[in-house]
Amino acid sequence: MKKTTIYKAAALLSVAAAGTAHSDSEQAWSDEKISSLLSEMTLEEKVLLTSGRDAWSTQPIERLEIPYIWVADGPHGLRRAPSTDTWGYGDQLPATCFPTASALSATWDVALLREVGAALGTEAAALGVNVLLGPGVNIKRSPLGGRNFEYFSEDPFLAGKLGAAYIDGVQAQGVGTSLKHYVANNLETERMWANSDVDDRTLNEIYMTPFEIAVREAQPWTVMACYNRVQGEYGTQSMHMLTQKLKEDWGFEGIVVSDWDAVIDRVEGIRAGMHLEMPGKPGRVTNRMVIDAVKNGDLDEADLDRVVRDILKVVLRAKAVEDTSRDQNLDEHHAFARQVAAQAVTLLKNDGPVLPIAQDKHRKIAVIGEFAVNPRYQGNGSSEVKPSRLDKFIDIVGAEYGDEFEINFAQGYSLADDTDFSLIDAAASLAAESDVALVLAGLPLQYESEGIDRLHIDLPPAHNRLIEAVSEKQPNTVVVLTNGSAVAMPWVDRVPAIVEAWLGGQAGAGAVADVVFGKVNPSGKLAETFPVRLEDTPAFLNFPAEDGEVLYGERVFVGYRWYDKRGIEPLFPFGHGLSYARFAYSDMELSSEVISDTDTLAVSVKLSNSGKVEGKEVVQLYVRDVEATVRRPEKELRGFAKIALAPGESREVRFELSERDFSYYSTRHGQWLAESGEFDILIGASSRDIRQENRVKLQSTKKLNYRFSEYSFFRELWSNPQLKPLLVELMPAWLGSLAGEGRPPEEAVIEPFLQDQPMIKFPYFTAGEVSAEQISGFIARCNEMTYTP
Ligand code: BGC
């Protein structure tokens, strides 16, 4: 399948995509084969193929030897039901539960994501699953989003790049993916119906971009259409989204699968380019509707043929590359899941430094919190994996560190959402007698779930009280958080160290131990801003829906774009994460000070490890448009690279930027535009820790036609040196009278009241010097002219 790159700034140092693990016998899904099958299919059979058979499989057509394929959730592990016609909640087959997407994204490591994908693909192949339903690349618009744990980031570039790597990894194993939930599916409340009222620029720049990157770069076999409406239209029946954008603009070659029970009007869906309705049950009613629509001429059979063709291609291909002889590799994957979770651990604060725990300082360790014996490791809903094993923090530290340290445990809180002061007091007493306290706190399972948004960003009151009580007694209090999305930390200044462990999957407990005891140097960075208060967040006034309408009022200012622009201090900014090493940035260089929009700009910076231990740093590159004709964010992530360095080692990190990296989406022109002018290239350790910067001047080579209408303002034309003479030519007498006797009309001083009038009114203001027809002709003439943005 084709691959194209829209952003060049991906880490140049990342490893190459995993090789194709199977030898494709392309004959099995050749165009000829598909055409021949299609010509033999009856109308009824074609329609059958466009709806599922049952919960998890497509419809086989035995007469023509068309097989079925098996699809299963996803995304951070396989939820494979015992059979295709059972739901698999609780009785799903054991599989490796990897860290969820919000943890995976904190690694900022595309090579690692590819490896995770490969492991997931292997498990899927071993269990006969042909398509894994993931990854989810929806934007975390609000920390309240109930499925944030399943999504990567608030930033479209990061989400897209990680999604593409995950897809590459899975698909290299001969298993397809389903990129979900397309698109603007950013809340759970009323998710089946709510309308995402988002303007075109924002939709393109923020919400569609991760899908675009993943489709162009990794060609997922399937894309999952969302439940919600977008700009008034259901995601499962939007011609604009499914055909114009996905297929025509981005070159998507796979099929669109509806989210489960997301289809409203199946006929309209097929027309729009929605291929497969899932699951099977609705088809018992909707198949007839499609057959009737073809018979009575409402639906062109060619539209149906088009989707059938694409489905056949995916089904035949999936079956041809299927390899169920693979081993699930559960032992190996458990060990790998621990490594991945350790890469995700994000050290938010480490004063002192308290961490890592060292034998000479911290002999007696208090492990506090029910999560140490009853781990929280994934979210609620369709993504729930039945883990092949589940590590507990208390067991791991006992087994791995029990000989060197004295380790004691206090429960601190129970999983019931109440506050038991006797548990808190006992924990505080244990902390007082210890050298260090590790408080495992976070969000219980019921706080984060598909189908339900959060109502606040607070930890359970018992956890906050516990942290406060322990930190009063023990200066070396380390808070270890497990949660899938941002939380408030009212005690942030009272504790010296905070470790964000995310939802680390089945081996997450070991990963936390690896980091706090210093076996692994933390290198996670926040892929989402942690706000001080919910009131500070971008969508605060517009979340969730009201009367089915979700107004995306913050527009492109999502995540750090919002905090930067509004000058709001976050609790921890996007991109933040500490290390036990120290990194220095120097010698930033640009390949040129002036470029055109057809050039590539090479950016390099030297990164050095000036610390005492080996470590990894995520070098982040942001671009700021210094002078723009539209409101743009202060900075936008356009590149990142995860670099490992030994103490004293230095390395040059290189990025490449091209047109799209400087562009915004112009609603007026319906295209991406990089405007001429200056841009700052910022390189740093987080969005609020810029270490090096440089400026480049860009010259556009585009020639754009003006897009004026009769409703364009006089001011827009009068202030344009290219158009002013035409305006003077159009209404010389009126302008002359304003200029005053003896002065040329172009020197007329036009009062603001008139400048801000639309051209359509000028027949009145000129008392008939120009007619409505002349105004229309003038606008048409302007629009034939071109300019360079
Ligand atoms: C979820 C999808 C999931 C599907 C199948 C839907 O409700 O939104 O993410 O893949 O169910 O379980």
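All of these numbers come straight from a predicted model, not from anything done at the bench.

**Some remarks on the site of the ligand**
Near the ligand lie 14 residues; those nearest to it are D73, R147, H181, Y227 and D259. Note that an oxygen atom of the ligand is positioned 2.5 Å from one of the side-chain N or O atoms of D73. H181 is positioned with one of its side-chain polar atoms (N or O) 2.7 Å from an oxygen atom of the ligand. Grouping the amino acids of the shell around the ligand by side-chain chemistry returns five nonpolar, two polar and seven charged.

**Thoughts on the pairing of strand β5 (residues 222-225)**
Residues T222 and M224 line one face of β5 and the alternating positions V223 and A225 line the opposite face, and both faces are buried. As defined by bridge partners, β5 adjoins strand β8 (residues 255-258) across four bridges and the pair is classed as parallel. When the bridges of β8 are listed, M224 appears paired with V257.

**Here's the deal with the pattern of salt bridges**
Evaluated as defined, the whole model comprises 56 salt bridges. Between R79 and D73 there is a salt bridge, with the nearest N and O atoms lying 2.8 Å from each other. Since its relative accessible area comes to 1%, R79 is described here as buried. Here R216 ties to E212 by a salt bridge, and the two come within 3.0 Å at their closest N and O atoms. Separated by four residues within a single helix, R216 and E212 lie in helix α6 (residues 200-218), roughly one turn from each other. A relative accessible area of 4% means that E212 is categorised as buried.

**Looking at the packing of aromatic side chains**
By the definition in use, this model includes 25 aromatic pairs. Ring geometry for W56 versus W87: centroids 5.5 Å apart, planes at 75 degrees, classification edge-to-face. Of this pair, W56 sits in the loop between α2 (43-49) and β1 (71-73) while W87 sits in the loop between β1 and α3 (101-106), and the two are 31 residues apart along the sequence. On the basis of relative accessible area, W56 is assigned to the buried category, the value being 3%. Members of the aromatic cluster, each reached through a chain of ring pairs, are W108, F157, Y560, F574, Y622 and F640. Its guanidinium or amino end placed over the ring of Y68, R53 lies 4.1 Å from that ring's centre, counting from NZ or CZ.

**Overview of the side chain of Q237**
With respect to the helices and strands, Q237 occurs in the loop between β7 (233-234) and α7 (239-249). Look at Q237 and you get buried, because its relative accessible area is 13%. Within polar-contact distance, the side chain of Q237 engages the backbone nitrogen of D265 at 3.2 Å. Apart from the residues lying within four places of it in its own chain, the contact partners of Q237 are L242, I264, D265, E268, G269 and A272.

**Quick look at helix α15 (residues 508-516)**
Most of α15 sits out of view: nine of its nine residues are buried. For α15, the complete set of buried residues consists of G508, A509, G510, A511, V512, A513, D514, V515 and V516. Elements that come into contact with the buried residues of α15 comprise α11 (330-344), α12 (393-401), β12 (436-442), β13 (477-482) and β14 (497-500). Positive phi appears at G518, one or two residues downstream of α15, with a value of about 85 degrees.

**Some thoughts on the sheet that holds strand β2 (residues 131-133)**
Taken in spatial order, the five strands line up as β1-β2-β3-β5-β8 in an open sheet, and their pairing is parallel. Each edge of the open sheet carries a strand with a single partner, namely β1 and β8. Neighbour-to-neighbour, the strand axes of this sheet turn through a mean angle of 30 degrees, independent of strand direction. The sheet strands contacting α7 are β3 (176-182), β5 and β8, and the helix crosses β3 at an angle near 125 degrees.

**Quick word on the environment of I311**
By the element assignment, I311 lies in helix α10 (residues 301-321). Between the C-alpha atom of I311 and that of T50, which follows or precedes it by 261 residues, the distance is 7.5 Å. With residues near it in sequence (within four places) discarded, I311 still touches L49, T50, I255 and H275.

**Some thoughts on unusual backbone geometry**
The peptide bond linking G74 to P75 adopts the cis configuration, its omega dihedral lying at -5 degrees. Among the secondary structure elements, P75 is positioned in the loop between β1 and α3. In this chain, F543 is followed by P544 through a cis amide linkage whose omega measures -5 degrees. You will see that Q231, though not glycine, has its phi angle at about 50 degrees, which is positive. Secondary-structure assignment places Q231 in the loop between β6 (229-230) and β7. Given a relative accessible area of 36%, Q231 falls into the partly exposed group.

Scoring rules and cut-offs
- Residues numbered from 1 in each chain as written.
- Predicted model: local features only at pLDDT ≥ 70, side-chain atom pairs only at ≥ 80, totals over all residues.
- Heavy atoms only, no water.
- Near = heavy atom within 4 Å.
- Polar contact = N/O pair within 3.5 Å; in protein donor to acceptor, adjacent residues only side chain to side chain.
- Nonpolar A, V, L, I, M, F, W, Y, C, P; charged D, E, K, R; others polar.
- Buried < 20%, exposed > 50% of the residue type's maximum accessible area, 1.4 Å probe, protein only.
- Helix = DSSP H or I, 4+ residues; strand = E, 2+ residues; numbered from the N terminus.
- Pairing = 2+ DSSP bridges.
- Salt bridge = Lys/Arg side-chain N within 4 Å of Asp/Glu carboxyl O.
- Phe/Tyr/Trp six-rings, centres within 6.5 Å; stacked < 30°, edge-to-face > 60°.
- Lys NZ or Arg CZ within 6 Å of the ring centre and 35° of its normal.
- Contact = heavy atoms within 4.5 Å.
- Axes fitted to C-alpha atoms, helices over the stretch in contact; angles between N-to-C directions.

Remember, this is a structural readout, not a statement about activity or role.
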